Amino acid sequence: MSLDKVVVQGRSQGRVPGVLEPPFWVMKMDIIEAMSNEGLFGNQFGETAWNWDTDSKSKANSLLHAVSNFEFIITQITTMKCLSILKPLSIKLQKRDIDVYEVYNHIKDLRCKLQDIREDIEKYCSDWYNIATTTARKANIETSMPRVVGRTQHRSNVEAGTPKDYCKRALTIPLLDHLISEIDTYFDPNNDPVMSSLLCLLPALLVSRQGNPVQAAFQYYADDLPSPQVFDVELFRWRRKWLNADQDLPRSAVQALEECNHEFSPNIHNLFRILCTLPITSAECERSFSTLRRLKLI
């Protein structure tokens, strides 16, 4: 998709009532991918007939100077390659029918992909650097790197013998480490004992656990349960049911809720209802705000 199409699509979808505009983060990813196109640099850079006013010409020249250097190109391509792994998950998280356990499985796979790139950094960094040099060559931009000084406060001061090594140490490795660290911070179920405990109600996880793995969720939601005094008995029956089951174990909260009889296991049924309605992100709230905004426009 070209840069012009991305911008026009974003504007049109934001103005048509009844049409949900794509998430801003996804639109930014589309713009980054469009700007990483080799033809964009090769066709736009060069002699241009300026017919604008002085202020517009000055701003355009400043922007052209900012993007017409090798550091910008390698940063653009590296960012696009790393964030393209996150883009499918970002789109998935905006949907209403997303399951909590499914989300954590997607995030786990995504983190493994980032970790694989981090462990094989030499190969991926070399491939991305070759793409950047090809793009720079079409735009008549020389490969370069910032000089190393004795003391600096406003940019990375990484010692490297070549631009390739500099980009790897100052850009690619820190970006990958930051993404992995943020995923571990915000999406690790072990950081939230209540969520981790709720997930253990799923038969696919419960049969491999010993004792009472949902104790944290039981204590947190005890006031929302109809008969918390007999929760331990319900949990015993729920686990025993799936230990002896011949069918496939439910691996989502919706499937488990359908298999849970609210008359035989009212407490567990309520916990599954809570698990099914817990939001993964703030997309649902933002979607409501967008709907109200469109109603005001109409």
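Source: prediction; values computed, not measured. (Residues numbered from 1 in each chain as written. Predicted model: local features only at pLDDT ≥ 70, side-chain atom pairs only at ≥ 80, totals over all residues. Heavy atoms only, no water.)

Draft legend 1. How the structure looks around the packing of helix 6 (residues 100-119) against helix 8 (residues 163-187). In contact at an axis separation of 10 Å, helix 6 and helix 8 are set at 155 degrees when each is read in the N-to-C sense. Comparing the axis directions of helix 6 and helix 8 gives the class roughly antiparallel. In the packing of helix 6 onto helix 8, the handedness of the crossing is left-handed. Between helix 6, through Tyr104, Ile107, Leu110, Arg111, Leu114, Gln115, Ile117 and Arg118, and helix 8, the contact on the second element is made entirely by Ile173, Leu176, Asp177, Leu179, Ile180, Ile183, Asp184 and Phe187. Within the contact of helix 6 with helix 8, the residues separate by chemical class into 11 nonpolar, 1 polar and 4 charged. (Axes fitted to C-alpha atoms, helices over the stretch in contact; angles between N-to-C directions. Helix = DSSP H or I, 4+ residues; strand = E, 2+ residues; numbered from the N terminus. Parallel < 35°, antiparallel > 145°, perpendicular 65-115°, else oblique. Left-handed = near helix turned anticlockwise from the far one by under 90°. Contact = heavy atoms within 4.5 Å. Nonpolar A, V, L, I, M, F, W, Y, C, P; charged D, E, K, R; others polar.)

Draft legend 2. Expanded view of the pattern of salt bridges. Tallying each qualifying case throughout the model produces 5 salt bridges. Between aspartate 55 and lysine 59 there is a salt bridge; the shortest N-O distance is 3.5 Å. One end of the pair is aspartate 55 and the other is lysine 59, both in helix 4 (residues 54-67) and 4 residues apart, which spans about a single turn. One salt bridge in this structure joins lysine 168 and glutamate 122, with 2.6 Å as the shortest N-O distance. Placement of the pair is lysine 168 in helix 8 and glutamate 122 in helix 7 (residues 121-138), with a sequence separation of 46 residues. (Salt bridge = Lys/Arg side-chain N within 4 Å of Asp/Glu carboxyl O.)

Draft legend 3. Broad picture of helix 14 (residues 266-277). Here helix 14 is 12 residues long and its end C-alpha atoms lie 17 Å apart, about the 16 Å a rise of 1.5 Å per residue gives. All buried positions along helix 14 are accounted for by Asn267, Ile268, His269, Leu271, Phe272, Ile274 and Leu275. On the buried face of helix 14, the contacting elements are helix 6, helix 9 (193-199), helix 12 (231-243) and helix 13 (253-259). (Expected span 1.5 Å × (residues − 1). Buried < 20%, exposed > 50% of the residue type's maximum accessible area, 1.4 Å probe, protein only.)

Draft legend 4. Representation of unusual backbone geometry. In this structure, asparagine 140 is a non-glycine residue whose phi angle is positive, near 60 degrees. Secondary-structure assignment places asparagine 140 in the loop between helix 7 and helix 8. Using a relative accessible area of 72% as the deciding quantity, one classes asparagine 140 as exposed.

Draft legend 5. Here's a closer look at the packing of helix 7 against helix 8. Two numbers describe how helix 7 lies on helix 8: the axes approach to 10 Å, and their chain directions differ by 115 degrees. By the angle between their axes, helix 7 is roughly perpendicular relative to helix 8. By crossing handedness, the relation of helix 7 to helix 8 is classed as right-handed. Here Ile121, Glu122, Cys125, Ser126, Trp128 and Tyr129 of helix 7 come into contact with helix 8, specifically with Pro163, Lys164, Lys168, Thr172, Ile173 and Leu176. Here the residues of the contact of helix 7 with helix 8 are counted per class, giving 7 nonpolar, 2 polar and 3 charged.

Draft legend 6. Spatial organisation of the environment of serine 265. Within the element layout of this structure, serine 265 appears in the loop between helix 13 and helix 14. Under the relative-accessibility criterion, serine 265 is labelled buried at 8%. For serine 265 and serine 227, which are 38 residues apart along the polypeptide, the C-alpha to C-alpha distance reads 9.7 Å. Non-local contacts of serine 265, meaning those with residues more than four positions away in its chain, are made with Glu234, Arg237 and Cys260.

Draft legend 7. Representation of helix 12 within the structure. The end-to-end C-alpha distance of helix 12, which contains 13 residues, comes to 18 Å, matching closely the 18 Å that a straight helix rising 1.5 Å per residue would cover. Buried within helix 12 are the following residues: Phe231, Glu234, Leu235, Trp238, Arg239 and Trp242. When helix 12 is viewed along its axis, its buried side chains cluster within an angular range of 130 degrees and face the same direction. Facing away from the buried surface of helix 12 by more than 90 degrees, the exposed residues are Asp232, Phe236 and Arg240. In this structure, the buried residues of helix 12 make contact with helix 10 (203-206), helix 11 (215-220), helix 13 and helix 14. (Arc of directions from axis to C-beta.)

Draft legend 8. Region of interest: the confidence of the model for the protein chain. Here the protein chain averages 78 in pLDDT, while 75% of its residues score no lower than 70. Within the protein chain, no element has a lower average pLDDT than helix 1 (residues 3-15), which sits at 46, and none a higher one than helix 7, at 90. Residue range residues 6-20 is modelled with pLDDT below 50. Its contacts to residues more than four positions away, or to other chains, number 18 contacts. (pLDDT = per-residue confidence, 0-100.)

Draft legend 9. Structural context of the nonpolar core. In this structure, Phe70, Ile74, Leu110, Leu114 and Leu179 are the most contacted members of the largest nonpolar core, which totals 33 residues. Elements with a minimum of two residues in this core: helix 5 (70-93), helix 6, helix 7 and helix 8. Per-element accounting of this core gives the leading share, 10 residues, to helix 5. When residues no more than four places from it in sequence are discounted, the contact partners of phenylalanine 70 are Tyr129, Ala132, Thr133, Ala136, Ile141, Glu142, Thr143, Ser144 and Cys167. One finds Tyr101, Leu201, Ile268 and Ile274 within the second-largest nonpolar core, a separate group that totals 29 residues. (Core = buried A, V, L, I, M, F, W, Y, C linked by side-chain atoms within 4.5 Å.)

Draft legend 10. Fine view of the environment of arginine 137. Looking at where arginine 137 falls in the secondary structure, it is placed in helix 7. In this structure, the C-alpha to C-alpha distance between arginine 137 and phenylalanine 70, residues 67 residues apart in sequence, is 9.7 Å.

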